[in-house]
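In case you want the letters, here they are:
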Amino acid sequence: MTKIKKDKGATEEETAGTEKSYQELIANINPIAQPLAPRKLSKKLYKCVKKASKLKQIRRGVKEVQKFINKGETGIVVLAGDTLPIDVYCHLPIMCEDRNLPYAYIPSKVDLGSSAGSKRPTCVIMIKPHEEYQEAYNECLEEVSDLPKPL
């Protein structure tokens, strides 16, 4: 019994086929995922997360994000809308509203984790401001702040 190695080209085609569209991802989101970022804003947030992770300017995971929100750190909080059970992170939007931090939901925790340079899905990321990607950060901050807040 030996393992058969596949071509790199074949695996790239397979992964491209498994990528879901925005509409398919929206079908799997939680009922509390409001405000949900539109497609364009989601892409901008993924790019901003990618830039921030290269400079180590992100906080990843519920425990770490919660800790730094309590300490008074500022940034954009990006939550994944398809995280189950909801109880894992349903308290974070309330914490963000109390401290006037902008937050938005995006449809996929897998995409959020991969944009942060991780193979693991991530349900919450906080993007901290930094001068190297300040323009992209400000653009995302403005658009996330303009999203309608849930009642």
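Note that this is a predicted model, so its numbers are computed, not measured. (Residues numbered from 1 in each chain as written. Predicted model: local features only at pLDDT ≥ 70, side-chain atom pairs only at ≥ 80, totals over all residues. Heavy atoms only, no water.)

A.B. asks: For the pairing of strand β4 (residues 124–127), give the residues involved together with the corresponding values.
C.D. replies: Here β4 shows no split at all, with Val 124 and Met 126 on one side and Ile 125 and Ile 127 on the other all buried. Of the strand pairs in this sheet, strand β1 (residues 58–60) and β4 are connected by three bridges, and their pairing is antiparallel. Looking across to β4, one finds that Ile 58 is bridged to Ile 127. In terms of strand pairing, strand β2 (residues 76–80) meets β4 through four bridges, oriented antiparallel. (Buried < 20%, exposed > 50% of the residue type's maximum accessible area, 1.4 Å probe, protein only. Helix = DSSP H or I, 4+ residues; strand = E, 2+ residues; numbered from the N terminus. Pairing = 2+ DSSP bridges.)

A.B. asks: Go over the environment of Asn 30 with me, naming the residues and quoting the values.
C.D. replies: Tracing the backbone through its elements, the reader meets Asn 30 in the loop between α2 (22–26) and α3 (39–54). With relative accessibility at 5%, the residue Asn 30 sits in the buried group. The spacing of Asn 30 and Leu 84 is 54 residues in sequence and 7.9 Å in space, taken between C-alpha atoms. Beyond its immediate sequence surroundings of up to four residues, Asn 30 is in contact with Gly 81, Asp 82, Thr 83, Leu 84, Ile 86 and Tyr 89. Within the structure, Asn 30 has its side chain in polar contact with the backbone oxygen of Thr 83 (distance 2.7 Å). (Contact = heavy atoms within 4.5 Å. Polar contact = N/O pair within 3.5 Å; in protein donor to acceptor, adjacent residues only side chain to side chain.)

A.B. asks: Describe helix α4 (residues 62–70), and please don't skip the residues or the numbers.
C.D. replies: Taken residue by residue, α4 has Val 62, Val 65, Phe 68 and Ile 69 as its buried positions. The buried residues of α4 all sit within an arc of 145° when viewed along its axis, so they share a single face. Contacts made by the buried residues of α4 are with β1, β2, α5 (92–98) and β4. At the C-terminal side of α4, Gly 72 shows a positive phi close to 100°. (Arc of directions from axis to C-beta.)

A.B. asks: Would you mind going over the packing of aromatic side chains in detail, with residue names and values included?
C.D. replies: One pass over the structure, following the stated rule, counts two aromatic pairs. Seen in terms of ring centroids, Tyr 89 and Tyr 105 are 6.2 Å apart; in terms of plane orientation they differ by 75°. Their pairing is edge-to-face. You can see Tyr 89 sitting in the loop between β2 and α5 and its partner Tyr 105 sitting in strand β3 (residues 103–106), a full 16 residues away along the chain. You'll find Tyr 89 and Tyr 105 in the same group, each marked buried. (Phe/Tyr/Trp six-rings, centres within 6.5 Å; stacked < 30°, edge-to-face > 60°.)

A.B. asks: Quick rundown of the environment of Thr 83? Include the residues and the values.
C.D. replies: Assignment of secondary structure puts Thr 83 in the loop between β2 and α5. In this structure, the C-alpha to C-alpha distance between Thr 83 and Val 124, residues 41 residues apart in sequence, is 9.5 Å. Setting aside anything within four residues of it in sequence, one finds Thr 83 in contact with Asn 30, Tyr 89, Lys 109 and Cys 123. A distance of 3.5 Å separates the side chain of Thr 83 from the backbone oxygen of Ala 80, its partner in a polar contact.

Read these as spatial facts, not as claims about activity.
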